[in-house]
Amino acid sequence: MLKSFRLILFSLLMLSGVTAFAAKSGITIGMQLEPPNLDPTGGAAAAIDEVVYANIFEGLTRFASDGSIQPALAKGWSVENEGKKYVFQLQENVQFHDGTAFTADDVKFSIERAQAEESTNAQKGLFENIAGVEVLDDSTVVVNLTNPDGNLPFNLAWGDAIIVAVESIENAKTAPVGTGPFVFNNWVQGDRINLKRNENYWGEPAKLESVTFKFISEPTAAFAAMMAGDVDAFPVYPAPENLPQLEADPRFSVVLGSTEGETILSINNKSEKLSDRKVRKAIAHAIDRSALIEGAMFGYGTPIGTHFAPHHPAYVDLTANSNYDPELSKSLLKEAGVGNLELSLKLPPPAYARRGGEIIASQLRSVGIETKIENLEWAQWLEQVFKGKDFDLTIVSHTEPMDIGIYVKPDYYFQYENAELQGVMETLKSESDDEKRTELLQQAQNIIANDYVNGFLFQLAKTGVANSKIQGLWENAPTQANDLTAVFWAE
Amino acid sequence: MLRYFLLRLGSLIATLVVASLVIFFVLEVVPGDPASYMLGINASEETLQALRQELGLNLSPPLRYLSWISGLVTGDFGTSYTYRTPVAGMISDRLWISLPLAIYALLISIVIAFPAGVFSAARRGSGFDTGIMGATQLGIAIPNFWFAMMLVFFFAIKLHWFSAGGFPGWDQGVLNGLKSLTLPAIALALPQASILARVLRSSLLDVLNEDYLRTARAKGLTRKQAIIRHALRNAMIPVLTIIGLQFSFLLAGAIIIENVFFLPGLGRLVFQSIAQRDLIVVESVLMLLVFAVVMVTFAVDVMYAWVDPRMRGRRK
Amino acid sequence: MTKPSNTTGFKKLLPGLILVALFFLAAVLSYLWTPYEVDSIDIKNRMALPNMQHWFGTDHFGRDIFSMLMVGARTSIAVAFIAVGIGVIVGVPLGLCAAAWQGRWLDELIMRSNDLIFAFPALLIAIMITAVFGPGAVNAIIAIGIFNIPVFARLTRSGAMALWAREYILAARVAGKNTVQISVEHILPNILNLLIVQATIQFSLGILAEAALSYVGLGAQPPVPSWGRMLADSQTLISIAPHLALFPGLVIVLTVLGLNLLGDGLRDWMDPQLRRQRS
């Protein structure tokens, strides 16, 4: 009796011990949000790209860690017909994970599928300018544009523009099949996704044998999981308040990088009280960015004065334009003749918004603007704020790369309309000279900053935590991705 | 008896039907479009239309209700809007956590409550009794999520005995699984144990006052012997009722604890699904939980009637 | 067994009464005075440990925790009190009707509806209600209040049914009083004790429910302080500033404990019969 009990106990212990003794040829990556599905061409959730981008799926081009555009499934390309025709040379001998060959037909299929009327691609705009795709031979594809666009390689690097195969697309939501260095293995909904190395990868094969993405949304649990070694790396660590503690621990290294996330206090420019530039300027000057970054993000974040990423070469520092000056705010409000201003402040779930919102509410109150805070779930936020435009103020981080273009869409949720800016952006579209592009981009940054379209707060920092022995993780986040191709364990 | 049984069965079905109507139509009013949640902030209107078509959100509400209900009856719970997998599969995955957690918590609760209840009834008025009753008062007053946070602080963050949350999956070993359910189960069990101990004590005291036990005591049995030989069995009916109710409560009521510990259980599924407007999942899980509660109540009622024919005529 | 006098009964009330009185006092006082403004954010001074200036320390925005707890008491009382009020105002008349027309369709309808509400997992419904109508104190009150209705309806019905069998009710009927008059004039006053005790207990449950709802972000919205949200905010900081979670939790425990003790004490005090049986 006792013997058999011991046997059971022993086998239970063995079962529980298996993972602890496994050699370190795999990695467990912590993520805050679980992707709803795994098809990046059929949904907007950033978590999808964080799992599949560059790991499972590849596009013709791709983002590198520094934000530059690199060739991927396209070896190279040439531009003809004054920027209206791109000829892409494709990699040869590439196979999808299910063994089917990658050819020019797949490129045509993928782009046309994304453009189609019944397509549920979240970034259809990327393909708007594409007039047609022609297959010259198995490894040559021509993309014809309606208008010249120097940005096509950039657009095609997005996760929404990855190449899929007609044979396997149907099940991509739960069993994605791509050409990347990792193959989808399994998914325990609500907990983790596991990938295995693609042994037939066309390029430099991955160093890791397997990758597990584990979903831990609760910051306390994330901290405990790091401390316990259940998770090897948390590329976007959800709780900045724990970072000093983790940094002090020699087992971990904290990696600070930049993201494309401009965090802004969005202002409804069509709202009666806020259509006045003076009022918006007063709001901008009432915000103490350093207290905000300290209080909401525990010091992690770079102040911005316009809607542009500070690490971008064309960035202009315009923070002085809306420096913290509560006295100026008060006198501006008086000038504008608005007394007893009461505004709604609708906050989506992330900590930067919830914490930031309370701090901004208190800062606005001290210049005489009352706010009514409403905490919303994302679905409600999309419905009320983004679609319904029923708000005065909201805080949100715009994480799409190079998204200053949203300021020329008058029906975008903050409803800003400015003919001058629209002209600048129109010229930019067909300009391919780098110097002139920079000039135009800087002009655009100045226009929106001087119009105080929104309260420009800070650039979201990428606060990653990883086991010190891991090498090769991305420092920055030019797009939301965890490219694990080059990651390995140092001895 | 048969007539009573059929009557109760009829009202059970009526309750379920009304409940399903309430759930469905309340959720129809929920503002928020699953399609726009899934596609995010840059989606165009035609993309959204395409997705709504795909999800069947374009049908009229009565049609959707009928297809939902007929699905439920045949065991087809539909397909989750967000995960695009069958809801039935998701629910059964989550049940593998919620069910063991509920059982685990109930066991802890019983293990604590029985000795506490029996001994304090046996030594009514003693220091032990006062102490236990005071402790149960405290147990009822502590919010379980706060207790959970304190457990995390001491046992996970300070002592590193347990992990602060998450569930490794049963395939990582039964012990590992149980270990990660231990703190949540304790947090859930404490208030339940307090309630159970109080119910047990007072129903034992009630039984002890009845005539046959007075007779037994007069024959020379000690109070403790009387409790163990006679009273405990007779005091079980109210105790079992409470245990039944606690079980269905634990199944549904673990929602906050599941959130504190990030356990992918049923309650958390509902919470996430509400946030993601994955209404079909919310509807099905709620219906399942209502079904569980109604079945437990039904079973208890029928058992009562079977044990005590006088109950058939009236209601509690 | 000696008959306990009324004064010893009252003594048993004291601990609960004191705790509850303190809690009400803090809430009332907060309208006139708090040590600090609860909405003044002072980032430099955040997460200070308890000290002479800040008795319970400061939170992650540098706000005074003691002051926030005082104002939070207001929120808790308001939500729990009105929720109990809903239960009483709707539930008691329903229970009286059900008892007065016992066994008829009205009784059946009322009791079946009660069963229906009881069949729903309370917290999930509260979450659903706030998901439909948006988070906020008012919706929290409605969500908690709905579940108080069947509690009071059942209690009233069973209490009233026992009274209907009494002789003096028969006498009143003979004297020409109608059902409604009897219910209001004779039944209600006699079950009042029962109701007061239950109201105290529901009040404490209401405090717990409000804390739970605010904890998941569905209760009173910031900057109005609420105990549950203070706990939620402190959760991610528990490894660096545990006192942020400690004090709000303790205050909830003491308040609920006080109310429960008060409820038990009241029951024993008002019902000597029961007291003799139990003690």
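The structure presented is a predicted model; accordingly, all values stated were derived computationally and were not measured. (Residues numbered from 1 in each chain as written. Chains lettered and ligands numbered in written order. Predicted model: local features only at pLDDT ≥ 70, side-chain atom pairs only at ≥ 80, totals over all residues. Heavy atoms only, no water.)

Now for the overall build of chain A. Within chain A one finds 13 helices and 19 strands. A globule of 491 residues ought to have a C-alpha radius of gyration of about 23 Å, and chain A, at 24 Å, matches this closely. In chain A, which comprises 491 residues, the share counted as buried stands at 58%. Taking contacts inside chain A between residues at least 6 apart in sequence as the whole, the part at least 24 apart equals 68%. Of the roughly 19,500 Å² of accessible surface on chain A, 50% is carried by carbon and sulfur atoms. In chain A, 39 side chains carry a positive charge and 66 a negative one; their mean positions are 5 Å apart. (Helix = DSSP H or I, 4+ residues; strand = E, 2+ residues; numbered from the N terminus. Rg over C-alpha atoms; globule rule 2.2 N^0.38 Å. Buried < 20%, exposed > 50% of the residue type's maximum accessible area, 1.4 Å probe, protein only. Contact = heavy atoms within 4.5 Å. Areas by Shrake-Rupley, 256 points an atom, 1.4 Å probe, with all protein chains shown as cover. Lys, Arg positive; Asp, Glu negative; His and termini not counted. Charge placed at Lys NZ, Arg CZ, Asp CG, Glu CD.)

Turning to the overall build of chain C, a few remarks are in order. Helices and strands together make up the secondary structure of chain C, namely 10 helices and zero strands. Going from the N terminus to the C terminus, chain C shows its helices and strands as α-α-α-α-α-α-α-α-α-α. Once the C-alpha set of chain C is aligned to its principal axes, its extents read approximately 75 × 50 × 30 Å. Buried positions account for 54% of the 279 residues belonging to chain C. In chain C, once contacts between residues fewer than 6 apart in sequence are set aside, the share between residues at least 24 apart is 70%. If the 19 positive side-chain charges of chain C are averaged to one point and the 15 negative ones to another, these points end up 9 Å apart.

Turning our eyes to something else, we now look at the pattern of salt bridges. This model, assessed by the stated rule, comprises 27 salt bridges over all chains. Between Asp390(A) and Lys346(A) there is a salt bridge, with its nearest N and O atoms 3.6 Å apart. Taken together, the positions of Asp390(A) in the loop between α11 (378–387) and β16 (393–398) and Lys346(A) in strand β14 (residues 341–347) put the pair 44 residues apart, joining distant regions of the chain. Overall, the relative accessible area of 47% leaves Asp390(A) in the partly exposed class. Look at the salt bridges and you will find they share partners, linking Glu108(C), Arg112(C), Asp115(C) and Arg154(C) into a network. (Salt bridge = Lys/Arg side-chain N within 4 Å of Asp/Glu carboxyl O.)

Per the stated rule, a full pass over the model turns up 34 aromatic pairs over all chains. Clustering of aromatic rings is evident, with ring pairs tying together Trp381(A), Phe386(A), Phe391(A), Tyr407(A), Tyr412(A), Tyr413(A), Phe414(A) and Tyr416(A). Positioned above the aromatic ring of Phe128(B) is the side chain of Arg123(B), whose terminal nitrogen or guanidinium carbon lies 5.5 Å from the ring centre. One residue, Arg74(C), lies across the ring of Tyr31(C), its end atom 4.1 Å from the ring centre. (Phe/Tyr/Trp six-rings, centres within 6.5 Å; stacked < 30°, edge-to-face > 60°. Lys NZ or Arg CZ within 6 Å of the ring centre and 35° of its normal.)

All names here are of chain B. By secondary structure assignment, the location of Leu101 is in helix α5 (residues 87–122). Spatially, the C-alpha atoms of Leu101 and Ile186 are 9.8 Å apart, while their sequence positions differ by 85 residues. For Leu101, the residues in contact, after removing those within four places along its chain, are Leu181, Pro184, Ala185, Leu188, Ala254, Glu258 and Leu263.

Residues and elements named next belong to chain A. The strand order β4-β5-β7-β6 describes an open sheet built from four strands, whose pairing is antiparallel. Each having just a single partner strand, β4 (74–80) and β6 (130–137) make up the two edges of the open sheet. Recorded for the sheet is a direction-independent mean angle of 20° between the axes of neighbouring strands. Where β4 lies against strand β5 (residues 85–90), six bridges are found, and the strand directions are antiparallel. Counterpart to Ser78 in the pairing with β5 is Val87. (Pairing = 2+ DSSP bridges. Axes fitted to C-alpha atoms, helices over the stretch in contact; angles between N-to-C directions.)

With that out of the way, let us pick up the interface of chain C and chain B. Contact residues are listed per partner, giving 40 residues for chain C and 42 residues for chain B. Each partner contributes to the roughly 3,700 Å² buried at the junction of chain C and chain B, and carbon and sulfur atoms together form 76% of this total. When residues of chain C are sorted by the area they lose upon contact with chain B, Leu124(C), Met128(C) and Val132(C) head the list and together hold 16% of the total. There are one salt bridge connecting chain C and chain B. Among the ionic pairs, Arg198(B) bridges to Asp264(C), the shortest N-O distance being 3.2 Å. The interface formed by chain C and chain B includes three residue pairs in polar contact (both at pLDDT 80 or more). Looking at the side of chain C that touches chain B, the elements that each hand over two or more residues are α3 (105–119), α4 (122–133), α7 (179–215), α8 (227–235), α9 (243–270) and α10 (272–278) of chain C. For the side of chain C that touches chain B, the element with the most residues is α9(C), which contributes 11 residues. Here the residues of the side of chain C that touches chain B are counted per class, giving 28 nonpolar, seven polar and five charged. (Buried area = accessible area lost by both parts, 1.4 Å probe. Polar contact = N/O pair within 3.5 Å; in protein donor to acceptor, adjacent residues only side chain to side chain. Nonpolar A, V, L, I, M, F, W, Y, C, P; charged D, E, K, R; others polar.)

Residues and elements named next belong to chain A. Under the domain assignment used here, chain A contains domain 1 (27–35 + 174–257 + 462–489), domain 2 (58–168) and domain 3 (260–461). Spacing between the C-alpha centres of domain 1 and domain 3 amounts to 31 Å. Contact residues are listed per partner, giving 12 residues for domain 1 and nine residues for domain 3. Contact between domain 1 and domain 3 buries roughly 820 Å² in total, counting both sides, with carbon and sulfur atoms accounting for 56%. Broken down residue by residue, the surface that domain 1 buries against domain 3 is led by Pro240, Glu241 and Pro478, which jointly contribute 44%. For the pair domain 1 and domain 3, the interface holds one salt bridge. For the salt bridge of Arg355 with Glu241, the shortest nitrogen-to-oxygen distance reads 2.8 Å. Inspection of the region where domain 1 meets domain 3 yields two residue pairs in polar contact (both at pLDDT 80 or more). (Domains from an automatic or database assignment.)

Residue and element names in this part refer to chain C. The grouping of Phe10, Leu14, Leu17, Ile18, Leu22, Leu25 and Trp269 at the surface amounts to a nonpolar patch, some 630 Å² of accessible area in total. Ranked by residue count, the leading element in the nonpolar patch is helix α1 (residues 6–32), at six residues. Inspection of the secondary structure assignment puts Ile18 in helix α1. (Patch = residues over 30% accessible without salt bridge, like charges linked within 9 Å, V, L, I, M, F, W, Y side chains within 5 Å.)

With that out of the way, let us pick up the interface of chain A and chain B. The interface is formed by 49 residues belonging to chain A together with 42 residues belonging to chain B. For the pair chain A and chain B, the summed buried surface comes to about 3,600 Å²; carbon and sulfur atoms form 60% of the total. Linking chain A with chain B are zero salt bridges, by the criterion used here. Our enumeration of links across chain A and chain B arrives at zero residue pairs in polar contact (both at pLDDT 80 or more). Looking at the side of chain A that touches chain B, the elements that each hand over two or more residues are α1 (2–21), β10 (210–215), α5 (219–228) and α11 of chain A. Ranked by residues supplied to the side of chain A that touches chain B, first place goes to α11(A) with eight residues. In the side of chain A that touches chain B, the residues fall into 20 nonpolar, 15 polar and 14 charged.

Below, the discussion takes up the pairing of strand β7 (residues 140–145) of chain A. Residues and elements named next belong to chain A. In terms of burial, β7 is a largely internal element, six of the six residues being buried. Here β7 shows two buried faces, one formed by Thr140, Val142 and Asn144 and the other by Val141, Val143 and Leu145. Bridge count between β5 and β7: five bridges; the pairing is antiparallel. Following the sheet pairing, Gln89 is matched in β7 by Thr140. Bridge analysis of β6 against β7 gives six bridges, and the strand direction is antiparallel. The residue of β7 that forms the bridge with Asp137 is Thr140.

Time to look at the environment of Asp149(A). Residue and element names in this part refer to chain A. Mapped onto the secondary structure, Asp149 falls in the loop between β7 and α4 (152–155). For Asp149, a relative accessible area of 16% puts it in the buried group. With 314 residues separating them along the chain, Asp149 and Thr463 place their C-alpha atoms 34 Å apart. Once residues within four sequence positions are removed from consideration, Asp149 is found in contact with Gly83, Tyr86, Asn129, Asn155 and Lys429. Reaching out from Asp149, the side chain makes a polar contact with the backbone nitrogen of Asn151 at a distance of 2.7 Å.

Attention now moves to the nonpolar core. Formed by 233 residues in total, the largest nonpolar core has its most connected members in Leu60(A), Phe88(A), Leu90(A), Val143(A), Val211(A) and Phe213(A). The element best represented in this core is α5(B), accounting for 15 residues. Of the residues that make up this core, three or more belong to each of domain 1 (27–35 + 174–257 + 462–489) and domain 2 (58–168) of chain A. With residues near it in sequence (within four places) discarded, Phe88(A) still touches Leu60(A), Ala74(A), Gly76(A), Trp77(A), Ser139(A), Thr140(A), Val141(A), Val143(A), Leu152(A) and Leu156(A). Formed by 65 residues, the second largest nonpolar core is a distinct cluster that contains Val367(A), Ile373(A), Val385(A) and Phe61(C). (Core = buried A, V, L, I, M, F, W, Y, C linked by side-chain atoms within 4.5 Å.)

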